[in-house]
Amino acid sequence: MDASAYRMVVWTEQDYVTVAATTDRLVVEWLAGARHYPVVSLRDGRNEIAEHVTLDRDSDSGQAGAHTRWRLREGPPTARGAWQTLLIIRTDVADPGRTWIQLDVEHRPDSPDIPQIRASKPRLADALLDALDTHSGLAEIRARASFVHPGDVKEVIEELTDRERRLPIVVASVPYGIDADRWLDKVVDRAFSQLVGRAVLYVLTREAQAAFNKALEHHLVFGGGIRTYMPGVDPGWPADGQRHPVMSRATVEADPVRAASVLTALPRNQASTLPLPQPLAALHGTSPRAPSTAQGDEIARLKADHESLIALLDEAAEAEAARYKQVRELQHDLADANWLAEEFHAERRAAQQQVRALQLRLQQVGAYEAAFAPVDEDESEALPGSFTELHSRLGQFPTLMFTGDAKVLTGLDDRSKPNWVNVCWEALQALEDFAAAAVEGRARGDFRAWCQDLPSGCHPFPAGKVLMKESDTVWRNLSWRKERMLPVPREVDPSGSVYMEAHLRIGGGSTISPRLHFFDDTAGTGRLYIGHIGPHLTNTRTS
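Calculation notes
- Residues numbered from 1 in each chain as written.
- Predicted model: local features only at pLDDT ≥ 70, side-chain atom pairs only at ≥ 80, totals over all residues.
- Heavy atoms only, no water.
- Helix = DSSP H or I, 4+ residues; strand = E, 2+ residues; numbered from the N terminus.
- Buried < 20%, exposed > 50% of the residue type's maximum accessible area, 1.4 Å probe, protein only.
- Contact = heavy atoms within 4.5 Å.
- Areas by Shrake-Rupley, 256 points an atom, 1.4 Å probe, with all protein chains shown as cover.
- Pairing = 2+ DSSP bridges.
- Axes fitted to C-alpha atoms, helices over the stretch in contact; angles between N-to-C directions.
- Phe/Tyr/Trp six-rings, centres within 6.5 Å; stacked < 30°, edge-to-face > 60°.
- Lys NZ or Arg CZ within 6 Å of the ring centre and 35° of its normal.
- Core = buried A, V, L, I, M, F, W, Y, C linked by side-chain atoms within 4.5 Å.
- Left-handed = near helix turned anticlockwise from the far one by under 90°.
- Nonpolar A, V, L, I, M, F, W, Y, C, P; charged D, E, K, R; others polar.
- Salt bridge = Lys/Arg side-chain N within 4 Å of Asp/Glu carboxyl O.

## Examining the overall build of the chain
Of the regular secondary structure elements, the chain holds 16 helices and 20 strands. Taken across its 543 residues, the chain has 48% of its residues classed as buried. Long-range pairs, those at least 24 residues apart, make up 62% of the contacts in the chain with a sequence separation of at least 6. Element-wise, carbon and sulfur atoms account for 53% of the exposed surface of the chain, whose accessible area totals about 27,100 Å².

## Description of the pairing of strand E19 (residues 515-521)
Burial analysis of E19 places five of its seven residues in the buried class, which makes it a mostly covered element. Strand direction decides the pairing type here: strand E18 (residues 503-505) and E19, joined by three bridges, are antiparallel. Within the sheet, the bridge partner assigned to His503 lies in E19 and is His517. Direction of pairing for E19 relative to strand E20 (residues 527-534): antiparallel, over a ladder of seven bridges.

## Here we look at the side chain of Thr264
Topologically, Thr264 is positioned in helix H7 (residues 256-273). The exposure class of Thr264 is buried, given its relative accessible area of 3%. If sequence neighbours within four positions are ignored, Thr264 has contacts with Gln194, Leu195 and Arg198.

## Some remarks on the sheet that holds strand E12 (residues 226-229)
Here five strands make up an open sheet; going across it, the order is E9-E11-E10-E12-E13 and the pairing mixed. Two strands bound the open sheet, and with one partner strand each, they are strand E9 (146-148) and strand E13 (246-247). For strand E10 (residues 169-173) and strand E11 (residues 200-204), the ladder comprises five bridges, and the chain directions are parallel. From the neighbouring strand, Val171 faces E11, where its bridge partner is Tyr202. Those strands touched by helix H4 (residues 180-191) are E9, E10, E11 and E12, and its axis lies near 125° from that of E9. Sheet strands in contact with helix H5 (residues 206-215) are E9, E10, E11 and E12, and its direction is about 110° off that of E11.

## Some points on the packing of aromatic side chains
Considering all chains together, one arrives at six aromatic pairs under this definition. On the basis of an interplanar angle of 65° and a centroid distance of 5.0 Å, the ring pair of Trp475 and Tyr499 is categorised as edge-to-face. Here the residue Trp475 occupies a position in helix H15 (residues 472-476), and Tyr499 occupies one in strand E17 (residues 497-499), the gap between them amounting to 24 residues. Against the face of Trp475 rests Arg481, its NZ or CZ located 4.6 Å from the ring centre.

## Here's the deal with the environment of Asp2
As for its position among the elements, Asp2 is in the segment before strand E1 (6-12). Judged by its relative accessible area of 15%, Asp2 falls in the buried class. Separated by 105 residues in the primary sequence, Asp2 and His107 place their C-alpha atoms 9.4 Å from one another.

## Things to note about the nonpolar core
Counting 73 residues, the largest nonpolar core has Leu31, Phe192, Phe212 and Tyr229 as its most contacted members. If one sorts the elements of this core by residue count, helix H1 (residues 16-32) sits on top with eight residues. Once you skip the residues sitting within four places of it in the chain, Tyr229 turns out to touch Leu160, Arg165, Pro168, Ile169, Val171, Phe212, Leu216, His219, Leu220, Val221 and His244. Formed by 35 residues, the second largest nonpolar core is a distinct cluster that contains Trp425, Ala427, Ala463 and Leu504.

## Points about the packing of helix H3 (residues 153-160) against H5
Where H3 contacts H5, the axes come no closer than 10 Å and their chain directions differ by 35°. Between H3 and H5 lies a crossing of right-handed hand. Contact residues: H3 offers Val153, Val156, Ile157 and Leu160, while H5 offers Ala208, Ala211, Phe212 and Ala215. Counted by class, the contact of H3 with H5 contains eight nonpolar, no polar and no charged residues.

## Some details on the pattern of salt bridges
Counted under the stated rule, the structure contains 20 salt bridges. Across the pair Arg71 and Asp56 runs a salt bridge whose closest N-O atoms are separated by 2.8 Å. Of this pair, Arg71 sits in strand E4 (residues 65-74) while Asp56 is found in strand E3 (residues 53-62), placing the two residues 15 residues apart along the sequence. Accessibility expressed as a relative area gives 12% for Arg71, which makes it buried. The salt bridge partner of Asp92 is Arg90, with a shortest N-O separation of 3.4 Å. Classification of Asp92 as buried rests on a relative accessible area of 14%. What makes Arg90 buried here is its relative accessible area of 11%.

## A short note on unusual backbone geometry
In this model, His36 sits at a positive phi of 60°, which is unusual for a non-glycine residue. Tracing the chain through its elements places His36 in the loop between H1 and strand E2 (45-50). Residue His36 is classed as exposed on the basis of its relative accessible area of 64%. Residue His52 is not a glycine yet carries a positive backbone phi of 60°. Tracing the sequence through the fold places His52 in the loop between E2 and E3.

## Things to note about the pairing of E1
For E1, the buried fraction is high: seven of the seven residues fall into the buried class. Of the two faces of E1, both are covered, the one formed by Tyr6, Met8, Val10 and Thr12 as well as the one formed by Arg7, Val9 and Trp11. Inspection of the sheet shows E1 paired to strand E6 (residues 99-109) by seven bridges, in the antiparallel sense. Across the sheet, Val9 pairs through a bridge with Gln102, a residue of E6. As defined by bridge partners, E1 adjoins strand E7 (residues 134-136) across two bridges and the pair is classed as antiparallel. Residue pairing for E7: Thr12 is matched across the bridge by Thr134.

These values are about where atoms sit, not about what they do.
Rendered as structure tokens:
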């Protein structure tokens, strides 16, 4: 499934018959209400409920289990594709005591060349979560965030560390002096709007905050911030905190709608790549029951069969195109993962060697306590949790000036990979150290030379990720060169732009492979200008 789709996978202890009956009613109400289709009841087979709108419903039961499946396809001719909503209720004897619920919404383009449109959370998701007692692991899944009071903290910690948890847990804190209910209505509900069904949603009351942060001293959330806890939280491991991004209060309040998009990116990617539970995965090997043939004479029956087969072939072609695109994206993701794994290993090994060398030097001069004392992280050194937060903190770098497109920068949150934000922040820290030193006349050579012979006390950045020039092929291609003519103040160049060929590799292995392009004018205006942080600009390797 593409990351642009909406997916909700939960389970309930309610019996299958009750769940199926409730869901049938909710589907009819959703179609007639939110979708405005004239539906009063459903039957197995194909239901032509409007022009270019079909609803397939099939159900089956046996010794191995039972299921009911609804598939709504909306494909007006001008859409260049169809919107598909798939809802499955499934019980399996191999997984007793649980009824699984899966809800998918995705855009299915007519060809792999047409981009998929991102699916929003459907109202049907809210209706299902309100009507059924749904769970993910130990956690209950609701359509609205729940308050965490002091007596709930122990239970929430157990949910965070639950090994069966599939969904992220997103915890919002309440700022000092703000009423919790008001904060929920004004800010949190808007920021959580697209997370319904994709995550467990909590609001940590001021009274519960101290106990919560004491239990999670390496995974704190406070002051109106929101933290996303991915599955597999390890409270005792300091480094694990880096896996669970934090969004600051300032970022949330500045634009709750944008904050909602950023907060949804990680759970959305998680849902698209996480394998389905076995009861649901086994069912996906089958297709919805074909529509029943018309009754009456042979000609009418054959005509109905022919039309049905043509429709099924068209849908199969769409499905094949979607799977082709999915395989291509997964191949890029695999390459990205391999690239990151190699990079993580190299950087970790280098950091470990440096730490051991520094500890040895401290021991040699008798500073044993300093050698092994824990490091208090400066707030200014804290890593941002998203590219949106990174953009809001660019003011921390007085010698750098970002002249690029903020929408391109913050848009990286929609398809961000692990470590991209961290690498970009480390690049900015290293560029600031270099630019400040260059203004004072302490830097020799360009930024790559600086990284190769890093002065003591400065932020490092791998020299292998620094490219100070583009190829001659890029320069000779007018279109590609134009992409790299990036904005600067007119005191730098009267035209208002310069050719920024110097760039840093922020990520690799995917179709995005973000880059940071910069222009060093420390010898002139005393600033280093960053004209682009975003997807890889066109060259011989991009398609």
